[in-house]
Amino acid sequence: MKKSDKILLFIILLIYIILPILICRFEFLFTIKFYLLTTIGILIFCLLKIFKISNDYLGLTKKSLIKSVKRNLPFIMICIILILVVKLFPYNRFISNETILFFIFYIFISCPIQEFLYRGVFGYFEKITEHKGLWLIVSSICYAFVHIIYRDYITCMITFIIGIIWYQLYRKDYNLFGVVLSHIILGILTISLGIIN
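Quick notes on the rules
- In this numbering scheme, every chain counts its residues from 1 along its sequence in written order.
- Given that the model is predicted, a residue must reach a pLDDT of at least 70 before its local features are reported, and side-chain atom pairs must reach 80 or more before they are shown or counted; all residues, however, enter totals for whole chains, interfaces and linings.
- Hydrogen atoms and water are omitted, and side-chain values are computed over all heavy atoms in the structure.
- Planes of paired rings set the category: under 30 degrees apart is stacked, over 60 is edge-to-face and the rest tilted, where pairs are Phe, Tyr or Trp rings (Trp by its six-membered ring) whose centres lie within 6.5 Å.
- Under the DSSP-based scheme used, a helix requires at least four consecutive residues in state H or I and a strand at least two consecutive residues in state E, with every element numbered from the N terminus.
- Consider the ring centre and the ring normal. A charge sits over the ring if Lys NZ or Arg CZ is within 6 Å of that centre and within 35 degrees of that normal.
- Nine residue types can take part in a nonpolar core, namely buried Ala, Val, Leu, Ile, Met, Phe, Trp, Tyr and Cys, and a core is a set of them joined through side-chain atoms within 4.5 Å.
- Burial classes follow relative accessibility: with a 1.4 Å probe on protein chains only, a residue under 20% of its type's maximum area counts as buried, one over 50% as exposed, and anything between as partly exposed.
- Contacts: residue pairs with any heavy atoms within 4.5 Å of one another.
- Any helix carries an expected span of 1.5 Å times its number of residues minus one.
- Throughout this description, a polar contact denotes any pair of N or O atoms lying within 3.5 Å of each other; where both atoms belong to protein, one of them has to be capable of donating a hydrogen while the other can accept it, and for residues adjacent in sequence the pair is counted only when both atoms sit in side chains.
- Each reported salt bridge corresponds to a side-chain nitrogen of Lys or Arg within 4 Å of a carboxyl oxygen of Asp or Glu.
- Every axis corresponds to a line fitted to the C-alpha atoms, with the helix fit spanning only the stretch in contact, and the corresponding angles, defined between N-to-C directions, vary from 0 to 180 degrees.
- Roughly parallel covers angles under 35 degrees, roughly antiparallel covers those over 145, roughly perpendicular covers 65 to 115, and oblique covers all other angles.
- In this scheme the crossing of two helices becomes right-handed for a clockwise turn of the near helix relative to the far one and left-handed for an anticlockwise turn of less than a right angle.
- The residue classification treats Ala, Val, Leu, Ile, Met, Phe, Trp, Tyr, Cys and Pro as nonpolar and Asp, Glu, Lys and Arg as charged. All others, Gly included, are polar.
- Like charges are joined within 9 Å and nonpolar side chains (Val, Leu, Ile, Met, Phe, Trp, Tyr) within 5 Å, but only among residues with over 30% relative accessible area and no salt bridge; these make up the patches.
- Throughout, the Shrake-Rupley method with a 1.4 Å probe supplies accessible areas, and for residues the shown protein chains are the sole cover considered.

Q: Would you explain the packing of aromatic side chains in this entry?
A: Across all of its chains, the model carries 17 aromatic pairs by this definition. Residues Phe122 and Trp135 carry aromatic rings whose centres are separated by 6.3 Å and whose planes lie at 25 degrees to one another, so their mutual orientation is stacked. Here Trp135 lies in helix H6 (residues 132-146) and Phe122 lies in helix H5 (residues 100-128), a separation of 13 residues in the sequence. Clustering of aromatic rings is evident, with ring pairs tying together Tyr16, Tyr57, Tyr118, Phe122, Tyr124, Phe125, Trp135, Tyr143 and Trp166. Note that Lys33 overlies the ring of Phe30, its terminal NZ or CZ placed 3.9 Å from the centroid. The ring centre of Tyr174 lies 4.3 Å from the NZ or CZ of Lys127, which sits over that ring.

Q: Got a minute to help me understand the nonpolar core in this structure?
A: Generally speaking, nonpolar side chains in soluble globular proteins are found buried as a group. One finds Ile12, Tyr16, Ile44 and Leu48 to be the most contacted residues of the largest nonpolar core, which totals 51 residues. Of all the elements in the fold, those that place two or more residues in this core are helix H1 (3-25), helix H3 (33-50), helix H4 (65-86), H5, H6, helix H7 (153-173) and helix H8 (176-192). The leading source of residues in this core is H5, at twelve residues. The contacts of Ile44, once residues within four sequence positions are left out, are Ile12, Ile15, Tyr16, Phe116, Leu117 and Val121.

Q: Got a minute to help me understand H8 in this structure?
A: Side chains of residues three or four places apart in an α-helix project in the same direction, reflecting 3.6 residues per turn. Spanning 17 residues, H8 covers 24 Å between terminal C-alpha atoms, matching the ideal 24 Å at 1.5 Å per step. Against H4, H5, H6 and H7 lie the buried residues of H8. Capping the start of H8 is the job of one residue whose side-chain oxygen sits 2.8 Å from the backbone nitrogen of Phe177: Asn175. Following H8 by one or two positions, Gly194 adopts a phi angle in the positive range, close to 75 degrees.

Q: Hey, could you run me through the pattern of salt bridges in this one?
A: Side-chain pairs of opposite charge can arise whenever the charged atoms involved come near each other. Using the criterion set out here, one finds four salt bridges in the structure. Across the salt bridge formed by Asp56 and Lys63, the nearest N and O atoms sit 3.0 Å from each other. When its relative accessible area of 33% is taken as the criterion, Asp56 is described as partly exposed. The exposed category is assigned to Lys63, whose relative accessible area is 54%. The partner of Glu115 in a salt bridge is Arg119, and the shortest N-O contact between them spans 2.7 Å. Here Glu115 and its partner Arg119 are both found in helix H5, four residues apart, which amounts to about one turn of the helix. Relative accessible area serves as the criterion here: at 0%, Glu115 is assigned to the buried category. Residue classification places Arg119 among the buried residues on the basis of a relative accessible area of 0%.

Q: Would you take a moment to explain the packing of H1 against H5 for this structure?
A: How two helices sit against one another is set out by the angle between their axes and by the gap between those axes. Their axes nearest at 12 Å, the elements H1 and H5 cross at an angle of 155 degrees. Taken together, the axes of H1 and H5 are roughly antiparallel relative to one another. For H1 against H5, the interelement crossing comes out left-handed. Residues Asp5, Leu8, Leu9, Ile12, Leu13 and Tyr16 of H1 form the contact with H5, whose own contacting residues are Leu117, Tyr118, Val121, Phe122, Tyr124, Phe125 and Ile128. Each residue belonging to the contact of H1 with H5 can be placed in one class, and the counts come to twelve nonpolar, no polar and one charged.

Q: Where do I start with the environment of Ile15 in this structure?
A: Its place among the elements puts Ile15 in helix H1. Separated by 29 residues in sequence, Ile15 and Ile44 have C-alpha atoms that sit 9.2 Å apart. Setting aside residues up to four positions removed in sequence, Ile15 forms contacts with Pro20, Ile40 and Ile44.

Q: Is there a simple way to explain a nonpolar patch on the surface in this structure?
A: Residues Phe10, Leu14, Ile17, Ile18, Ile21, Leu22, Phe26, Phe28, Ile32 and Tyr35 make up a contiguous nonpolar surface patch of roughly 970 Å² in combined accessible area. Sorting elements by how many residues they give to the nonpolar patch places H1 first, with six residues. Inspection of the secondary structure puts Phe10 in helix H1. Looking at Phe10, the relative accessible area reads 57%, which means it is exposed.

By themselves, these are just geometric observations and shouldn't be taken as functional.
Structure (structure tokens):
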């Protein structure tokens with residue numbers, strides 16, 4: 001890994017660690033968490049461009065787009081079936097009070113940015129190093145860690161496991177579209193049905 005890549009990785013990991021801690025520490029930051037996520041996504045994208053990293057290296061490509069979607073379909077179907085089975089029992093962990101505006105934001109901004117930050121960015125580091133398994137774990141830990149802002153350990157555990165699955169699916173084609181689609185469907189179902197907050 002070049003020195004510039006080490007510096008880039010250090011900056012990104014610092015942001016991924018500090019931001020959730022700040023949101024947990026200062027309640028007003030929790031109320032603007034989605035604005036923060038969007039801002040961080042844009043800043044990290046700009047940072048990667050400053051370091052001259054191509055979109056192809058970040059999974060922002062048309063290459064293998066159809067393959068990526070097809071690869072994610074079985075996982076999407078399994079999740080839909082599991083969620084519907086869970087909903088057969090009259091237990092809601094949360095009551096969903098999200099608006100249509102939230103879901104529009106979630107579909108077109110939040111999910112793509114999350115997949116870029118936690119799959120695309122770490123996929124880049126995987127491509128330039130020999131430690132392939134390392135980035136799967138680091139990505140999934142960081143993805144679960146950002147969810148500490150909800151103060152719900154079950155959500156953190158679920159996101160860690162899902163993070164591993166999504167990263168494994170992503171690294172087959174290095175195209176973010178399939179995992180973004182998977183994230184959108186799984187997220188909308190689990191949020192609207194009160195499984196996660």
